[in-house]
Amino acid sequence: MPLHAAIEPSHNTTAKFAVISIYMPKDGFVEDIVGGPYDAPFLGALSQHMLLTHHHQILTVVFFDAAHDGQANAPICFSGLENLSDKLVGFPNGGLLEVRSGPVVFDLYIEENARRLKDEMQVLSVVRFKVKTNCTEAFLENIQNFPLGEDRIRRSVVQTGEREFIAITRDPIEAKIALEPLRLQALDGIEHLLEWFDDSRTDPRSGVVHHDWVRQ
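Predicted model, so just to flag it, every value in this text is computed and none were measured.

**Student:** Got a sec to walk through a nonpolar patch on the surface? Specific residues and values, please.
**Tutor:** A surface patch of nonpolar side chains, about 280 Å² in accessible area, is lined by Met121, Ile173 and Ile177. Structurally, Met121 can be placed in the loop between helix H2 (111–116) and strand E7 (122–131).

What follows is the structure, given as structure tokens:
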């Protein structure tokens with residue numbers, strides 16, 4: 001079933017759909033995978049970005065400029081990764097990957113900052129939210145207005161379930177650290193809209209960007 005947010009998509013880019021994947025290399029194989037052929041551009045991608053978390057999880061975020069009908073018709077990004085089964089730690093469901101995908105409902109990309117800060121270390125944050133019933137519109141209105149630093153490069157929101165969303169932000173590392181208190185304050189302001197992940201309001205992952213590719 002197609003996913004549709006309660007508000008119209010808001011963009012300054014052509015991104016319409018995103019796939020977020022997580023995989024976990026076994027000890028000793030991180031560099032093999034990060035530097036291997038699996039960071040090659042995916043078919044039909046508008047842009048893609050790879051980060052490595054401090055838990056040695058690899059996340060790949062791929063944006064597409066074509067809409068899709070949902071999970072069943074999502075782009076196939078990882079054909080061939082099964083050849084790495086001996087180098088990956090599997091997930092409890094038996095799969096090598098954890099994949100979430102859906103329509104991009106908000107996407108702000110500040111190209112001027114991207115060019116100006118291209119040589120600085122940058123952090124990509126990928127944060128999953130579960131929203132309470134009948135709270136989607138309020139959540140989206142608030143998440144789009146989370147604090148933006150003058151050096152912000154990107155903020156995107158992807159709807160990956162009926163009430164599940166993933167916020168993707170990109171900042172220079174110093175800007176991210178400086179803004180963290182304000183972002184936590186903003187998160188406090190929407191806590192009443194969220195269902196919890198065990199003892200956490202969100203399911204967050206972040207790390208330094210290792211690879212970027214943008215269609216020319």
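Having seen the model, we can carry on.
**Student:** Talk me through the pairing of strand E3 (residues 45–53); I want residue IDs and the actual numbers.
**Tutor:** In terms of residue burial, E3 counts as a mostly covered element, since 9 of its 9 residues are buried. Here 7 bridges tie E3 to strand E4 (residues 58–64), and the two strands are oriented antiparallel to one another. Within E4, the position partnered with Ala45 by the bridge is Phe64. Turn length for the E3-E4 hairpin, with the two strands adjacent in sequence and antiparallel, is 4 residues, and the turn residue His56 shows positive phi of about 65°. Of the pairings in the sheet, the one linking E3 to strand E11 (residues 203–214) comprises 7 bridges and is antiparallel in character. Across the sheet, the residue bridging to Gln48 is Trp213, located in E11.

**Student:** Break down helix H4 (residues 173–190) for me, citing the residues and quoting the values.
**Tutor:** A rise of 1.5 Å per residue sets the reference length of H4, with its 18 residues, at 26 Å; its end C-alpha atoms lie 25 Å apart and thus fit the reference within 8%. Taking the largest bend as the criterion, H4 deviates by roughly 50°, centred on Glu180, and proline Pro181 comes between one and four positions later. By the burial criterion, the buried members of H4 are Ala175, Lys176, Leu179, Arg183, Ala186, Leu187 and Ile190. Considering only its buried residues, H4 is in contact with E7, helix H3 (136–143), strand E9 (164–172), strand E10 (194–195) and E11.

**Student:** Which residues make up the pattern of salt bridges, and what are the values?
**Tutor:** On inspection of all chains with the given rule, the structure shows 17 salt bridges. With its nearest N and O atoms 2.8 Å apart, the salt bridge here joins Arg154 to Asp107. Within this pair, whereas Arg154 is found in strand E8 (residues 154–159), its partner Asp107 is found in strand E6 (residues 98–109), the two being separated by 47 residues in sequence. Classification of Arg154 by relative accessible area gives buried; the value is 10%. Across the pair Glu191 and Arg201 runs a salt bridge, and its minimum N-O distance is 2.9 Å. Of this pair, Glu191 sits in the loop between H4 and E10 while Arg201 sits in the loop between E10 and E11; the two residues are 10 residues apart in sequence, bridging distant segments of the chain. On the basis of relative accessible area, Glu191 is assigned to the partly exposed category, the value being 30%. Given the relative accessible area of 15%, Arg201 is considered buried. Residues joined in a network through salt bridges with shared partners are Glu98, Arg100, Arg128, Glu164, Asp203 and Arg205.

**Student:** Give a detailed account of the layout of surface pockets, specifying residues and quantitative values.
**Tutor:** Estimates place the volume of the largest pocket at around 490 Å³. Taken together, 24 residues form the lining of the largest pocket, with Ser125, Val127, Lys176, Glu180 and Pro204 sitting closest to its centre. Sorting the residues of the lining of the largest pocket by element identifies E7, E9, H4 and E11 as the ones contributing at least two each. A breakdown of the residues in the lining of the largest pocket according to their chemical character gives 10 nonpolar, 8 polar and 6 charged.

**Student:** Explain the environment of Asp212 residue by residue, including any values.
**Tutor:** Within the secondary structure, Asp212 is located in strand E11. With a relative accessible area of 42%, Asp212 lands in the partly exposed category. Between the C-alpha atom of Asp212 and that of Met50, which follows or precedes it by 162 residues, the distance is 6.6 Å. In contact with Asp212, other than residues within four places in its own chain, are Gln48, His49 and Arg170. Only 2.5 Å separates the side chain of Asp212 from the side chain of His49, close enough to count as a polar contact. One polar contact links Asp212 to Arg170, side chain to side chain, over a distance of 2.5 Å.

**Student:** Which residues make up the packing of aromatic side chains, and what are the values?
**Tutor:** Ring pairs (aromatic) are described by centroid distance and by the angle formed between their planes. Scanning the entire structure with this criterion turns up 2 aromatic pairs. Aromatic pair Phe139 and Phe165: ring centres 5.3 Å apart, planes at 40°, arrangement tilted. A residue pair is termed long-range when its members are at least 10 positions apart, and Phe139 in helix H3 and Phe165 in strand E9 qualify at 26 residues. Residues Phe139 and Phe165 agree in their burial class; the two are buried.

Conventions used here
Residues numbered from 1 in each chain as written. Predicted model: local features only at pLDDT ≥ 70, side-chain atom pairs only at ≥ 80, totals over all residues. Heavy atoms only, no water. Patch = residues over 30% accessible without salt bridge, like charges linked within 9 Å, V, L, I, M, F, W, Y side chains within 5 Å. Areas by Shrake-Rupley, 256 points an atom, 1.4 Å probe, with all protein chains shown as cover. Salt bridge = Lys/Arg side-chain N within 4 Å of Asp/Glu carboxyl O. Helix = DSSP H or I, 4+ residues; strand = E, 2+ residues; numbered from the N terminus. Buried < 20%, exposed > 50% of the residue type's maximum accessible area, 1.4 Å probe, protein only. Pairing = 2+ DSSP bridges. Expected span 1.5 Å × (residues − 1). Bend = angle between axes of the 7 residues up to and from the residue. Contact = heavy atoms within 4.5 Å. 1 Å grid on protein atoms, 1.4 Å probe; cavity = no way out; pocket = protein on both sides within 12 Å on 5 of 7 lines; lining within 4 Å. Points joined across faces, edges and corners; volume = space filled by probe spheres on them. Nonpolar A, V, L, I, M, F, W, Y, C, P; charged D, E, K, R; others polar. Polar contact = N/O pair within 3.5 Å; in protein donor to acceptor, adjacent residues only side chain to side chain. Phe/Tyr/Trp six-rings, centres within 6.5 Å; stacked < 30°, edge-to-face > 60°.

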